[in-house]
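# Examination of the molecular architecture
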Amino acid sequence: DTGVSQNPRHKITKRGQNVTFRCDPISEHNRLYWYRQTLGQGPEFLTYFQNEAQLEKSRLLSDRFSAERPKGSFSTLEIQRTEQGDSAMYLCASSLALAPNTEAFFGQGTRLTVV
Amino acid sequence: KQEVTQIPAALSVPEGENLVLNCSFTDSAIYNLQWFRQDPGKGLTSLLLIQSSQREQTSGRLNASLDKSSGRSTLYIAASQPGDSATYLCAVRPSGTYKYIFGTGTRLKVLA
């Protein structure tokens, strides 16, 4: 297993376009998280899945954002009608649910630039 | 509301120095605390996870301590090397939640 995988690594899009990112977690991990990170800041929580159920969403996740994890494996994050303020690094993480092995592992991120 | 602060924001040291990075959090009701390393433009690499019942964890030249009652954690790096240059992020998982709250990080530069 090579860890958490995110695609694409970079995305440049025009304002108003829709974009979709994919995250493949570590295979046995049933928890999956999405975070957003802007320059000079720490990551901010967006949403969390346990298996296929989306259990928590941040208020940062506006109506233009939607995340899915249809079969409890990979996840997608879609941003509709992108705005310049959406430019950021989008990070995915996964972990096991069973304590004490709840360490979170992050992917390399998808850097989004909205022009 | 849980807030996480990291001091200093940036640090530049000569190679070989032992150094301490600080993390403080406002609410002691945490499930665990995790330290990460982030290289420029990259994702996060997990360094150490400390459960709320633990006082410290060690991995190689790294030692992290946790004082939950005072809302503090420190990351100690022994015999620093230029390859340690990166941003170090502290994150707490509040009790009753599954998300992590991050600090803004300490940017470390180790000079050869």
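Refer to the structure printed above.
Let us look at the structure shown here. (Residues numbered from 1 in each chain as written. Chains lettered and ligands numbered in written order. Predicted model: local features only at pLDDT ≥ 70, side-chain atom pairs only at ≥ 80, totals over all residues. Heavy atoms only, no water.)

## Remarks on the overall build of chain A
What chain A contains, in helices and strands, is 0 helices and 11 strands. Relative to its length of 115 residues, chain A is compact, with a C-alpha radius of gyration of 14 Å against a globular reference of 13 Å. Over its C-alpha atoms, taken along the principal directions, chain A stretches across nearly 40 × 25 × 25 Å. When contacts within chain A are restricted to residue pairs at least 6 apart in sequence, those whose partners lie at least 24 apart make up 54%. (Helix = DSSP H or I, 4+ residues; strand = E, 2+ residues; numbered from the N terminus. Rg over C-alpha atoms; globule rule 2.2 N^0.38 Å. Contact = heavy atoms within 4.5 Å.)

## So, the packing of aromatic side chains
Aromatic rings considered in pairs are described by the distance between their centres and by the relative angle of their planes. According to the stated counting rule, one finds 10 aromatic pairs over all chains in the structure shown. An angle of 85° between the planes, with centres 5.6 Å apart, marks the rings of Tyr35 of chain A and Phe102 of chain B as edge-to-face. With Tyr35 of chain A in strand β4 (residues 31-37) and Phe102 of chain B in strand β10 (residues 101-102), this pair bridges two chains. A single burial state applies to Tyr35 of chain A and to Phe102 of chain B, both of which are buried. Pairing Phe106 of chain A with Phe102 of chain B gives two aromatic rings, centres 6.0 Å apart and planes at 80°, and the pair type is edge-to-face. Here Phe106 of chain A, found in strand β10 (residues 105-106), pairs with Phe102 of chain B, found in strand β10, and the two come from separate chains. For the pair Phe106 of chain A and Phe102 of chain B, a shared accessibility class is recorded, and that class is buried. A network of ring pairs unites the aromatic residues Tyr33, Tyr35, Phe45, Tyr48 and Phe106 of chain A together with Phe36, Tyr98 and Phe102 of chain B as a single cluster. (Phe/Tyr/Trp six-rings, centres within 6.5 Å; stacked < 30°, edge-to-face > 60°. Buried < 20%, exposed > 50% of the residue type's maximum accessible area, 1.4 Å probe, protein only.)

## A few points about the environment of Glu3 of chain B
Residues and elements named next belong to chain B. With respect to the helices and strands, Glu3 occurs in the segment before β1 (4-7). Among the residues examined, Glu3 registers a relative accessible area of 44% and is labelled partly exposed. Taking the C-alpha atoms as reference, Glu3 lies 19 Å from Ala64; in sequence the two are 61 residues apart. Sequence-distant contacts of Glu3, that is, excluding residues within four places in its chain, are made with Ser24, Phe25 and Thr26.

## Here's the deal with the sheet that holds strand β3 (residues 19-24) of chain A
Residues and elements named next belong to chain A. Reading across from one edge, β1-β3-β8-β7 is the order of the 4 strands in this open sheet, with antiparallel pairing throughout. Whereas interior strands pair on both sides, the edge strands pair on one side only; in this sheet they are β1 (5-7) and β7 (65-68). For this sheet, the mean inter-axis angle between neighbouring strands, taken without regard to orientation, is 15°. Pairing of β1 with β3, which is carried by 3 bridges, proceeds in the antiparallel orientation. Counterpart to Ser5 in the pairing with β3 is Asp24. (Pairing = 2+ DSSP bridges. Axes fitted to C-alpha atoms, helices over the stretch in contact; angles between N-to-C directions.)

## Topic: the sheet that holds strand β6 (residues 56-59) of chain B
All names here are of chain B. In spatial order, the strands read β1-β3-β8-β7-β6; together these 5 strands make up an open sheet with antiparallel pairing. Lying at the two open borders of the sheet, with one neighbouring strand each, are β1 and β6. Going from strand to strand, the sheet's axes swing by 15° on average, the running direction of each strand aside. Across 6 bridges, the pairing between strand β3 (residues 19-25) and strand β8 (residues 72-77) is antiparallel. Within the sheet, the bridge partner assigned to Ser24 lies in β8 and is Arg72.

## Concerning the environment of Lys57 of chain A
Residues and elements named next belong to chain A. Counting through the fold element by element, Lys57 comes out in strand β6 (residues 53-57). Exposure remark for Lys57: the relative accessible area of 56% places this residue in the exposed category. In the structure, Lys57 is positioned 12 residues away from Phe45 in sequence and 8.3 Å away in space, judged by C-alpha atoms.

## Looking at the state of the cysteines
Residue and element names in this part refer to chain A. Applying the stated rule across the entire model yields 2 disulfides over all chains. Two residues, Cys23 and Cys92, share a disulfide whose sulfurs are 1.8 Å apart. Taking the torsion about the S-S bond as the criterion, the Cys23 to Cys92 disulfide, at about -70°, is left-handed. Separated by 69 residues along the polypeptide, Cys23 in strand β3 and Cys92 in strand β9 (residues 88-95) bring together distant segments of the chain. In this pair, the class of Cys23 matches that of Cys92, namely buried. (Disulfide = S-S within 2.5 Å.)

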